[in-house]
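# Structural description and commentary
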Amino acid sequence: MRRSVGDLDRRGRAWYVDKAVAGLVFIGGISAIVFIIGIFVFITREGWTFVFGTLDFGEFFTSIEWRPTSENDPTYGALALIAGTASVTGLAMLVAVPFSLGAAIFIAEFATGRTREALKVLVELLAAIPSVVWGFIGLAIMNPLIIDLFDVPIGLGVLNSGIILGLMAAPIMTTIAEDALKAVPDGYREAAEAMGATKWQVIRQVVLPAGKNGLMAAVLLGVGRGFGETMAVLMASGHSINLPTSPFDSVRALTATIAAELGDAPRGMEHYQALFTLGIFLFIVTFCINLAADIAVRGVRKG
Amino acid sequence: MVTPDPTAAPSATSDVKLSVRNLTISYGEEAILRDVSLDVREHEIFGIIGPAGSGKTSFLRSLNRMDEVSDTMSVEGSVLFSGRDIHEVRNVYNLRQRIGVVFPLPVGLPLTIYENVALSPRLRGIRDKSTLDETVERCLTRAALWDEVKDRLDALGSLLSGGQQQRLTIARALSQDPELLLLDEFSIAVDPVTTMRIEDVLRDLKQEVTIIMVTNLVQQARRLADRTAFFLNGKLVEVGETEELFTGSVQDQRTRDYVEGRFG
């Protein structure tokens, strides 16, 4: 049967469904971007008059005097808070990187069958433990342990919160690092193995170099997680303003400061705006870290 | 360094490089190759032909114990390499170093051209730069690739064309200084001109190494192989002088049907 030329203009159900789905997906995709921009606009609006008016950038980055509630002379030095967050995150990475890399290499390269599946489920389960539970472990278990082991008066500080944060970040880093290793084609492994490379030589010479961008992304996302973590750090760090000189020093993190003080800061006042300034700073830092991780992952696809 | 094993290669078997007896290969419960026995002579090109699924690739994998990498593949029977049972050697990595493998699709490791060829010597612990340079040049030259890549040894191997990558993997296999070279349908991703170049390379290499070549192209087996084995449905149908299989008398009519393209 010959079809008439008029058929070329007729739009059936499939045509409309296709257009409708394209529209819905577009809205979904664009909304993620809108929300991110919205959040940024919101925290900037709350803080920007303060940032460009009252705030002394020199003081913010170099002074450790964070006294926003002082009656006659409030100061906003965030150096100790930045140092607190940085030292805790740094120690956390020292803990998390070897653990998560080791776990990822074991799961991706050595474990087989049911062991592998069981480990993957277990790691994902670990990643789902709420941060307040980790904070509780810091307070109730790590604190007395550190006091006993090192004979120090208080066990809440950089060491405690760094270890807790490291254990917290390790599962998600393991998952991402394992994905990166699994993305390395099996042909590479077989080719190297057929040449007489030992298992470790295959990993060291072929798999790790091939997956290095993904592994980098895993570490950077761990760092981002460390910077943004609030509750566990608030509970395990001791929460006192200090430039840490030893792992046992108590510190205060940027995030914990916001969480602890925002409820008491009257809306629209300087203290409130100063806390939002910390928020803007955190947002920019984590955004940069995530951007770096994203660029690292893109490197994987190109390379 | 690979040192010759004093117990290897007694003189009685010196012209047999590889001796396979009653080899059965299974995946799980299912045997895909049954009871294969054959000898491969020193310095010959030994062709293996047969339709897809006849167990050719699995046969190659069993020769350097790559079956151990797989969870499901299991091997029974004996394989003597230079007189030594490969399942009894205590360092499987040294065994694999003496057997070069070229896969059907070129697997350029994510390394530079230079590093691809230098990897095997490095794995054996060779660090000396001039030795490595010499090995890289020698192997790339023998694989007929040197002239095309000598100015860009630091480029990624994966940026080469398909035919060049396949010659790179041959150069990489040669960098192992293998005694036995296993080629699994090396021309599948290579244009006819490059295929002819590689075939010339293989004819030259025969002086130094023993070559086992799996191919789907029966004419390729005819051009290259001194002797050829015909695998069908997991069985070795027959082994013979290649010309015999094509023009002389065959033991089994199915062999003649296959080489003349009447099935498979």
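Residues numbered from 1 in each chain as written. Chains lettered and ligands numbered in written order. Predicted model: local features only at pLDDT ≥ 70, side-chain atom pairs only at ≥ 80, totals over all residues. Heavy atoms only, no water.

## What to know about the overall build of chain B
If you tally the helices and strands in chain B, you get ten helices and ten strands. For a compact globule of 264 residues, the expected C-alpha radius of gyration is about 18 Å, and chain B comes in at 18 Å, within 12% of that figure. Dimensions of chain B, computed from the C-alpha atoms along their principal axes, are close to 55 × 40 × 35 Å. Within chain B, the fraction of its 264 residues that count as buried is 55%. Restricting to contacts in chain B with at least 6 residues of sequence separation, those with at least 24 account for 66%. Summed over its atoms, the accessible surface of chain B is roughly 11,400 Å², and 49% of this surface lies on carbon and sulfur atoms. In chain B, 31 positive and 40 negative side-chain charges are present, and the distance between their average locations comes to 1 Å. (Helix = DSSP H or I, 4+ residues; strand = E, 2+ residues; numbered from the N terminus. Rg over C-alpha atoms; globule rule 2.2 N^0.38 Å. Buried < 20%, exposed > 50% of the residue type's maximum accessible area, 1.4 Å probe, protein only. Contact = heavy atoms within 4.5 Å. Areas by Shrake-Rupley, 256 points an atom, 1.4 Å probe, with all protein chains shown as cover. Lys, Arg positive; Asp, Glu negative; His and termini not counted. Charge placed at Lys NZ, Arg CZ, Asp CG, Glu CD.)

## Some details on the pattern of salt bridges
Residues and elements named next belong to chain B. Across all of its chains, the model carries 34 salt bridges over all chains by this definition. Here Asp 200 ties to Arg 203 by a salt bridge, and the two come within 2.8 Å at their closest N and O atoms. Taken together, the residues span about one helical turn, with Asp 200 and Arg 203 both in helix α7 (residues 192–205) at a distance of three residues. Accessibility expressed as a relative area gives 44% for Asp 200, which makes it partly exposed. Of the residues examined, Arg 203 reaches a relative accessible area of 31% and is grouped as partly exposed. One salt-bridge network, in which partners are shared between bridges, spans Lys 17, Glu 42, Arg 98 and Glu 179. (Salt bridge = Lys/Arg side-chain N within 4 Å of Asp/Glu carboxyl O.)

## A look at the packing of helix α6 (residues 158–182) of chain A against helix α9 (residues 212–228) of chain A
Residue and element names in this part refer to chain A. The interhelical angle for the contact between α6 and α9, taken along N-to-C directions, is 155°, at an axis separation of 8 Å. Here α6 lies roughly antiparallel to α9, going by the angle between them. Handedness of the α6/α9 crossing: right-handed. Residues Leu 165, Met 168, Ala 169, Ile 172, Met 173, Ile 176, Ala 177, Ala 180 and Leu 181 of α6 pack against Gly 214, Leu 215, Ala 218, Val 219, Leu 221, Gly 222, Arg 225 and Gly 226 of α9. (Axes fitted to C-alpha atoms, helices over the stretch in contact; angles between N-to-C directions. Parallel < 35°, antiparallel > 145°, perpendicular 65-115°, else oblique. Left-handed = near helix turned anticlockwise from the far one by under 90°.)

## A closer look at the sheet that holds strand β5 (residues 84–85) of chain B
Residues and elements named next belong to chain B. If you walk across this open sheet you meet the four strands as β2-β1-β4-β5, and the pairing is antiparallel. The strands lining the two open edges of the sheet, one partner per strand, are β2 (30–41) and β5. Judged from the two bridges that link them, strand β4 (residues 73–81) and β5 form a sheet pairing that is antiparallel. Note on β5: the bridge partner recorded for Leu 80 is Asp 85. (Pairing = 2+ DSSP bridges.)

## Section: the packing of helix α3 (residues 113–123) of chain B against helix α6 (residues 162–174) of chain B
Residue and element names in this part refer to chain B. In the contact formed by α3 and α6, the axes pass within 7 Å of each other and the chain directions differ by 30°. The pairing of α3 with α6 is recorded here as roughly parallel in orientation. The interaxial crossing formed by α3 with α6 has right-handed handedness. Together, Ile 113, Asn 116 and Val 117 of α3 and Leu 168, Ala 171 and Arg 172 of α6 make up the contact between the two elements. Residues that form the contact of α3 with α6 fall into these classes: four nonpolar, one polar and one charged. (Nonpolar A, V, L, I, M, F, W, Y, C, P; charged D, E, K, R; others polar.)

## Topic: the interface of chain B and chain A
At the interface, 21 residues of chain B touch 16 residues of chain A. Here chain B packs against chain A, burying approximately 1,700 Å² in sum over the two surfaces, 67% of which is carbon and sulfur. By the criterion of area lost to chain A, the three top residues of chain B are Tyr 93, Pro 110 and Leu 123 of chain B, representing 31% of everything that side buries. The interface formed by chain B and chain A holds one salt bridge in total. The residue Glu 190 of chain A makes a salt bridge to Arg 61 of chain B at a minimum N-O spacing of 3.1 Å. The interface formed by chain B and chain A holds two residue pairs in polar contact (both at pLDDT 80 or more) in total. Of all the elements in the fold, those that place two or more residues in the side of chain B that touches chain A are α2 (92–97), β6 (99–102) and α3 of chain B. (Buried area = accessible area lost by both parts, 1.4 Å probe. Polar contact = N/O pair within 3.5 Å; in protein donor to acceptor, adjacent residues only side chain to side chain.)

## Notes on the side chain of Thr 195 of chain B
Mapped onto the elements of the fold, Thr 195 of chain B is located in helix α7. In this structure, Thr 195 of chain B is in contact with Ser 187, Val 190 and Gln 220 of chain B, ignoring residues within four places of it in sequence.

## Considering a nonpolar patch on the surface
All names here are of chain A. A contiguous nonpolar patch, built from Leu 24, Phe 26, Ile 27, Ile 30, Ile 33, Val 34, Ile 37 and Val 41 and spanning about 790 Å² of accessible area, is present on the exposed surface. Its place among the elements puts Ile 27 in helix α1 (residues 13–52). For Ile 27, a relative accessible area of 52% puts it in the exposed group. (Patch = residues over 30% accessible without salt bridge, like charges linked within 9 Å, V, L, I, M, F, W, Y side chains within 5 Å.)

## Brief notes about the nonpolar core
Grouped together as the largest cluster of nonpolar side chains are 54 residues, with contacts concentrated most on Leu 18, Leu 38, Phe 59, Leu 63 and Ile 212 of chain B. Not counting the four nearest positions on each side in its chain, Leu 18 of chain B is found in contact with Leu 38, Asp 39, Val 40, Leu 63, Val 79, Leu 80, Phe 81, Leu 180 and Ile 212 of chain B. Counting 48 residues, the second-largest nonpolar core is a separate cluster that includes Phe 50, Val 88, Ala 170 and Val 233 of chain A. (Core = buried A, V, L, I, M, F, W, Y, C linked by side-chain atoms within 4.5 Å.)

## Section: the pairing of strand β10 (residues 235–241) of chain B
Residue and element names in this part refer to chain B. Two elements, strand β9 (residues 227–232) and β10, share six bridges in a ladder whose sense is antiparallel. The partner of Thr 228 across the bridge, within β10, is Gly 240. The hairpin turn running from β9 into β10, its antiparallel successor, is two residues long, and Asn 233 in that turn takes a positive phi close to 50°.

## Looking at the pairing of β4 of chain B
Residues and elements named next belong to chain B. As judged from the eight bridges shared by strand β1 (residues 16–27) and β4, these two strands associate in the antiparallel manner. Pairing of Thr 24 across the sheet is with Glu 76, part of β4. Hairpin connection from β4 to β5: two residues lie between these consecutive antiparallel strands, with Ser 82 at a positive phi of about 50°.

## With respect to the packing of aromatic side chains
The description of an aromatic ring pair rests on the distance of the ring centres and on the angle between the ring planes. The full count for this structure, using the stated rule, is 14 aromatic pairs over all chains. With centroids separated by 5.7 Å and ring planes inclined at 65°, the aromatic side chains of Phe 61 of chain A and Phe 281 of chain A adopt a geometry described as edge-to-face. Taken together, the residues span a long stretch of sequence, with Phe 61 of chain A in helix α2 (residues 57–62) and Phe 281 of chain A in helix α12 (residues 270–302) at a distance of 220 residues. Assessed through its relative accessible area of 37%, Phe 61 of chain A is described here as partly exposed. Residue classification places Phe 281 of chain A among the buried positions, given a relative accessible area of 19%. Taking 5.4 Å as the distance between ring centres and 75° as the angle between the ring planes, the aromatic pair formed by Phe 59 of chain B and Phe 231 of chain B counts as edge-to-face. In this pair, Phe 59 of chain B is assigned in helix α1 (residues 56–63) and Phe 231 of chain B in strand β9, connecting sequence segments 172 residues apart. (Phe/Tyr/Trp six-rings, centres within 6.5 Å; stacked < 30°, edge-to-face > 60°.)

## Overview of the sheet that holds strand β8 (residues 210–214) of chain B
All names here are of chain B. On the basis of which strands lie adjacent, the open sheet formed by six strands has the order β6-β7-β8-β3-β9-β10 and mixed pairing. What marks the edges here is a single partner per strand, and that holds for β6 and β10. Strand-to-strand twist across the sheet, computed as the mean angle between neighbouring axes with direction ignored, equals 15°. The pairing of strand β3 (residues 45–49) with β9 spans four bridges and is parallel. The residue of β9 that forms the bridge with Phe 46 is Arg 227.

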